[in-house]
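Listed below, chain by chain, are the residues.
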Amino acid sequence: MAAAVDERASVRKLVYYIATTLDGFIAGPDGADPTGPDGFWPVPEDYIAHMIAEYPETLPGPARTALSISAPGTHFDTVLEGRRSYETGLKAGVTDAYPHLRHIVFSRTLGESPDPAVEVVADDPVARVRELKQADGKDIWLVGGGELAGALYSEIDTLIVKLSPMTIGAGIPLFSGGATFSPNAWTLTDHKVLDSGAMFLTYDRAADRR
Ligand SMILES: NC(=O)c1ccc[n+]([C@@H]2O[C@H](COP(=O)([O-])OP(=O)(O)OC[C@H]3O[C@@H](n4cnc5c(N)ncnc54)[C@H](OP(=O)(O)O)[C@@H]3O)[C@@H](O)[C@H]2O)c1
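First, a word on scope: everything that follows refers to the structure included in this document. Every chain's residues receive numbers from 1 upward, in the order its sequence appears when written. Per-residue local features of the predicted model are confined to residues with pLDDT of at least 70, and side-chain atom pairs are confined, for both listing and counting, to 80 or more; whole-chain, interface and lining totals are unaffected and use all residues. Each side-chain value is worked out from all heavy atoms of the structure, with water and hydrogens disregarded.

### Here we look at the pattern of salt bridges
Formally: The working definition used for a salt bridge is a side-chain nitrogen of Lys or Arg within 4 Å of a carboxyl oxygen of Asp or Glu. Segments assigned H or I by DSSP are reported as helices when at least four residues long, segments assigned E as strands when at least two residues long, and all are numbered from the N terminus.
Counted according to the given criterion, the structure contains 10 salt bridges. Across the pair Arg102 and Glu119 runs a salt bridge whose closest N-O atoms are separated by 3.3 Å. With Arg102 in strand S4 (residues 102-106) and Glu119 in strand S5 (residues 118-121), the pair connects residues that are 17 residues apart, well separated along the chain.

Shown next, in the form of structure tokens:
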């Protein structure tokens with residue numbers, strides 16, 4: 001019995017690490033990058049400092065270069081994106097925003113990958129995530145957006161929400177698309193409250209997962 005528990009503990013987790021407003025939105029209704037040059041989402045200094053200290057691999061390559069960050073992944077070695085999230089980088093001329101991670105983009109329309117280091121997957125994300133979890137490695141970062149997260153709702157083991165002290169009234173929710181009504185309990189396992197009012201909250205899916 002103990003061996004079975006140990007085996008399960010070594011399985012990589014799918015972690016939805018995502019910035020959200022107090023009212024549960026990850027972006028505005030236009031689907032643009034909310035933290036980009038024309039974005040409405042403030043990014044305080046202590047928020048960036050915490051990301052650099054704890055999650056350096058989640059900063060995009062150009063930001064890592066600008067900040068002289070070369071730290072390897074502390075949590076993740078793989079990043080999953082939906083096509084529309086990937087395209088926010090593409091529009092800025094960045095074909096691989098995470099060259100320091102294995103980068104997988106889910107899309108049924110993109111066809112050939114714009115970058116040899118980025119794998120485009122048109123197959124079922126759930127099946128692909130289950131395969132990835134069986135391979136060795138660090139945890140798998142689900143970057144978003146809401147539609148891909150909706151498709152992977154049942155597979156998410158940990159939620160790390162970067163909660164911004166802001167409401168926007170309407171926008172793209174944490175989960176959309178194929179998400180169906182399915183209440184799940186989550187256990188708070190870590191938290192960091194910043195002076196700016198942002199919080200990093202880590203929740204593991206409660207043991208009685210469906
Ligand atoms: N706050 C944050 O931390 C954060 C993080 C990431 C993204 N965002 C924001 O989120 C927004 C984008 O989110 P979104 O919900 O509109 O889109 P998304 O989830 O990024 O991408 C949706 C696309 O992913 C593909 N996809 C989704 N489910 C699939 C499935 N079951 N099988 C295969 N492919 C699937 C489809 O591409 P095809 O149509 O090509 O098939 C779909 O159109 C942007 O504004 C972005 O800036 C915010």
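### Some details on the site of the ligand
Put simply, the test is: A molecule or strand has a residue near it when one of that residue's heavy atoms lies within 4 Å. Any pair of N or O atoms that falls within 3.5 Å is considered a polar contact. Within protein, one atom must be able to donate a hydrogen and the other to accept it, and sequence-neighbouring residues count only if both atoms are side-chain atoms. Computed with the Shrake-Rupley method and a 1.4 Å probe, the accessible areas treat only the protein chains shown as cover for residues. Ten residue types, Ala, Val, Leu, Ile, Met, Phe, Trp, Tyr, Cys and Pro, are classed as nonpolar, four, Asp, Glu, Lys and Arg, as charged, and the remainder, Gly among them, as polar.
For the ligand, the set of nearby residues contains 26 residues, the closest of which are Gly31, Ser85, Ser107, Arg108 and Thr109. With respect to the ligand, the backbone of Arg108 contributes an N or O atom lying 2.7 Å from an oxygen atom. Take Thr109: an N or O atom from its side chain is 2.5 Å from an oxygen atom of the ligand. Relative to its unbound accessible area of 930 Å², the ligand is 89% covered by the protein chains. Those elements giving two or more residues to the shell around the ligand turn out to be strand S1 (14-21), strand S2 (25-27), helix H4 (83-91), strand S6 (139-144) and helix H6 (146-151). Residue composition of the shell around the ligand, by class: 12 nonpolar, 9 polar and 5 charged.

### A short note on the environment of Ala19
Let me state the cut-off plainly: Only protein chains enter the calculation, and the probe is 1.4 Å; a residue is then buried if its accessible area is under 20% of its type maximum, exposed if over 50%, and partly exposed in between. Every residue pair with non-hydrogen atoms within 4.5 Å of one another is taken to be in contact.
Note that Ala19 resides in strand S1. For Ala19, a relative accessible area of 18% gives the class buried. Separated by 106 residues in sequence, Ala19 and Pro125 place their C-alpha atoms 21 Å apart. Excluding anything up to four places from it in sequence, Ala19 contacts Phe25, Ile26, Trp41, Tyr47 and Lys162.

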